[in-house]
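# A closer look at the structure
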Amino acid sequence: MSDLLKNIIRFVVFLLVQVFLLNRIPPLHRFISPYLYFLFILWLPFKMPRLALTLVGFFFGLCLDFFTKTPGLHAAACTLIAYVRPFLITLLMPKEIMEINYAEPSIKSMGWMQYSVYILVLTSLHHTWLVFLEWLEVGDFLYFLGKVMGTLTVSLLLILITEMIFPRKARYRNNSA
Amino acid sequence: MRNVFLFISRYINLLFFLFLQVVALTLLFSYNKFHEAAFMGVANEVSGKVNLRYNNVENYFSLKKDNESLRTQNTRLLNLLKSDFDWPDSILSIVNDTIRIDSLEQYRKYLYLPAKVISTTVNSQNNYVMLHRGSGQGVGVNMAVVGPDGVIGTVVNVSRNMSVVMGMLHRQSKIVAMLKKGSGFGEVIWDGKTPNLVQLIKIPKTVKVSKGDSVVTSQYSDKYPPGHLVGVVEKVEDDKSTSTYVLTLRTATNFYSVQHAYVVRNMQKEELDALEKTIKKDNE
């Protein structure tokens, strides 16, 4: 399956899971709302041009916004992580290894430790920006802090479960391919 | 000039990112303020169709509960029928009614349009309910929406076949309501904390309130027909700074599982608006 087709399918599946599964779960607490959809952006291929990455992030967020009736909210957060992603990858990994060998970020391609840091940083960045924008209307600092921590915990748990259910086979790329 | 191009080509990524952020934030803040960004109309139709498909499946799971709630409503309405009431015949002579025109029809104030709920949220700060009925079927912006159990909200956005309702669980929702047992009217708002718990403010402390009192829509509202159940008082608190109460209500409508709704059209709204406009004009 080509990378493009795979990512288009992921785009739709992540969107549908977020809208019709996670958003329908009755909230346990006001601090907790489960988010998983942004994992799509974290799973995009390494060698995507940065401009395209930012644009895809924006568009993906906007698509979710159409369903949640909050135009711009998720788009802003997704654009942010899509923009920051390349910096983080260059920081975490030596460039020549990643470009030749693997297609996309995963436990296998980045290593256990690096991948966890990658997920943790981008997830907290996404949630902080998202909740901050939401908080501008509410204006209670405890709410802001609590919601970031609550959603962060739930999201990390969801990502862990996703990684365990779908172990992506990282294709090893050699020069002949 | 060359330097400008160099600058742009060097920072194109950053500039593009900032541009998209600005676009996103503009969309977000302008939408929340005015509730009607033009593009949402198109988006409604698309996301509405997907929601509708999902809802067709989802409906089956709550059929039992829905039937229950519709049956209770039917019972209540049947009990209001004229034929239920009987009184001893005390007429002495027969008089023919000479009025030809049915005057009731002319003065109809509220028209109920049934609609199916195709999606609802409770998780965020601003929750919306989506209906499968739009401008093509007589729904307009600012119409009231009630369900079989009680008040749902106000229509804020309409496309051809769908409409978006700002539910009671919305930071900007404000409904004029009163205590069913009488005096005092106030506003129902939501503090954004717990779904299905809303606040009734501006009820003066002179009114006696106790837990379990019903709160209904007021006749002062220009949208809602009077007497629709908003919620039941769950907690009574004093507002320290003013001489009013802050009452916590449990909403009559369960926003987790609402499936049917009625859009209420106020037939006299135009007349009322026109009248109010002349007052404003006179004052200027």
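This structure is a prediction, so every number in the text was calculated from the model and none was measured.

Thresholds applied
Residues numbered from 1 in each chain as written. Chains lettered and ligands numbered in written order. Predicted model: local features only at pLDDT ≥ 70, side-chain atom pairs only at ≥ 80, totals over all residues. Heavy atoms only, no water. Helix = DSSP H or I, 4+ residues; strand = E, 2+ residues; numbered from the N terminus. Buried < 20%, exposed > 50% of the residue type's maximum accessible area, 1.4 Å probe, protein only. Contact = heavy atoms within 4.5 Å. Pairing = 2+ DSSP bridges. Axes fitted to C-alpha atoms, helices over the stretch in contact; angles between N-to-C directions. Core = buried A, V, L, I, M, F, W, Y, C linked by side-chain atoms within 4.5 Å. Buried area = accessible area lost by both parts, 1.4 Å probe. Salt bridge = Lys/Arg side-chain N within 4 Å of Asp/Glu carboxyl O. Polar contact = N/O pair within 3.5 Å; in protein donor to acceptor, adjacent residues only side chain to side chain. Nonpolar A, V, L, I, M, F, W, Y, C, P; charged D, E, K, R; others polar. Phe/Tyr/Trp six-rings, centres within 6.5 Å; stacked < 30°, edge-to-face > 60°. pLDDT = per-residue confidence, 0-100. Expected span 1.5 Å × (residues − 1). Arc of directions from axis to C-beta. Patch = residues over 30% accessible without salt bridge, like charges linked within 9 Å, V, L, I, M, F, W, Y side chains within 5 Å. Areas by Shrake-Rupley, 256 points an atom, 1.4 Å probe, with all protein chains shown as cover.

### Section: the overall build of chain A
- The helix and strand tally for chain A stands at eight helices and zero strands.
- Starting at the N terminus and walking to the C terminus, you meet the elements of chain A as α-α-α-α-α-α-α-α.
- The proportion of buried residues among the 177 residues of chain A is 53%.
- Across chain A, contacts joining residues at least 24 apart in sequence account for 72% of those joining residues at least 6 apart.

### Observations regarding the sheet that holds strand β6 (residues 175–179) of chain B
Residue and element names in this part refer to chain B.
- Read once around its circumference, the closed barrel built from six strands follows the order β6-β7-β8-β11-β10-β9, with strand pairing classed as antiparallel. For this sheet, the mean inter-axis angle between neighbouring strands, taken without regard to orientation, is 40 degrees.
- Relative to strand β7 (residues 185–189), β6 is paired through four bridges, and the arrangement is antiparallel. Paired with M178 across the strands is F185, a residue of β7.

### Observations concerning the nonpolar core
- One finds A:L39, A:L42, A:F60 and A:Y118 to be the most contacted residues of the largest nonpolar core, which totals 48 residues.
- Elements with a contribution of two residues or more to this core: α1 (3–22), α2 (39–42), α3 (50–68), α4 (73–92), α7 (112–138) and α8 (141–165) of chain A together with α2 (12–34) of chain B.
- With 41 residues, the next largest nonpolar core counts B:V151, B:V233, B:Y245 and B:V258 among its residues.

### What about unusual backbone geometry?
Residues and elements named next belong to chain B.
- Backbone geometry at N142 places phi at a positive 80 degrees, although glycine is not the residue there.
- For N142, a relative accessible area of 42% corresponds to the partly exposed category.
- Unusually for a residue other than glycine, N196 sits at a positive phi of about 70 degrees.
- In this structure N196 comes out as buried when scored by relative accessible area, which is 8%.

### Considerations on the interface of chain B and chain A
- Taken together, the contacts link 37 residues of chain B with 35 residues of chain A.
- Taken over both partners, the interface formed by chain B and chain A buries close to 3,400 Å², and the fraction arising from carbon and sulfur atoms is 68%.
- Inspection of the region where chain B meets chain A yields zero salt bridges.
- Joining chain B to chain A, the criterion identifies four residue pairs in polar contact (both at pLDDT 80 or more).
- If you list the elements that add at least two residues to the side of chain B that touches chain A, you get α2, α3 (39–58) and β2 (126–131) of chain B.
- It is α2(B) that contributes the most residues to the side of chain B that touches chain A, 15 residues altogether.
- Class assignment of the residues belonging to the side of chain B that touches chain A gives a composition of 23 nonpolar, eleven polar and three charged.

### Things to note about the packing of aromatic side chains
Residue and element names in this part refer to chain A.
- Enumeration over the complete set of coordinates arrives at 23 aromatic pairs over all chains.
- Between F132 and W135, the aromatic rings sit 5.6 Å apart at their centres with planes inclined by 45 degrees, giving tilted as the arrangement. Of this pair, F132 and W135 both sit in helix α7, three residues apart, which is roughly one turn of that helix.
- Taken together, F11, F14, Y35, Y37, F38, F40, W43, F59 and F60 form an aromatic cluster joined through their ring pairs.

### Some words on the confidence of the model for chain A
- On average, residues of chain A score 85 in pLDDT, and 89% of them reach the 70 mark or higher.
- Per-element confidence in chain A ranges from a low mean pLDDT of 60 for helix α5 (residues 95–101) of chain A to a high of 93 for α2(A).

### So, the environment of A:P105
- You can see A:P105 is positioned in the loop between α5 and α6 (107–110).
- Relative accessible area serves as the criterion here: at 0%, A:P105 is assigned to the buried category.

### Digging into the side chain of B:N13
- Mapped onto the secondary structure, B:N13 falls in helix α2.
- Here B:N13 is in contact with A:R50, A:L51 and A:Y83, once residues within four sequence places are set aside.

### Brief notes about the pairing of strand β12 (residues 260–266) of chain B
Residue and element names in this part refer to chain B.
- Sheet analysis places strand β1 (residues 110–120) next to β12, joined by seven bridges and oriented antiparallel. Each residue of the ladder has a partner; that of Y110, found in β12, is N266.
- Pairing of strand β3 (residues 144–146) with β12, which is carried by three bridges, proceeds in the antiparallel orientation. Bridging from a neighbouring strand, V146 pairs with Y262 of β12.

### Focus: the sheet that holds β3(B)
- With respect to topology, six strands assemble into a closed barrel ordered β1-β2-β5-β4-β3-β12 (chain B), the strand pairing being antiparallel. Across the sheet, the mean angle from the axis of one strand to that of its neighbour is 45 degrees, orientation sign disregarded.

### Remarks on helix α4 (residues 63–78) of chain B
Residues and elements named next belong to chain B.
- The end-to-end C-alpha distance of α4 is 22 Å, a good match for the 22 Å that 16 residues give at a rise of 1.5 Å each.
- If you check which residues of α4 are buried, you get D66, S69 and Q73. Angular distribution of buried residues about the axis of α4 spans 70 degrees; they occupy a single face of the element. Turned more than 90 degrees from where α4 packs its buried face, K64, R71, T72 and L78 sit exposed.

### Regarding a nonpolar patch on the surface
- On the surface, a nonpolar cluster with roughly 990 Å² of combined accessible area is contributed by A:L51, B:M1, B:V4, B:F5, B:F7, B:I8, B:Y11, B:I12, B:L14, B:L15 and B:L18.
- Those elements that provide at least two residues to the nonpolar patch are α1 (2–10) and α2 of chain B.
- Within the secondary structure layout, B:V4 lies in helix α1.

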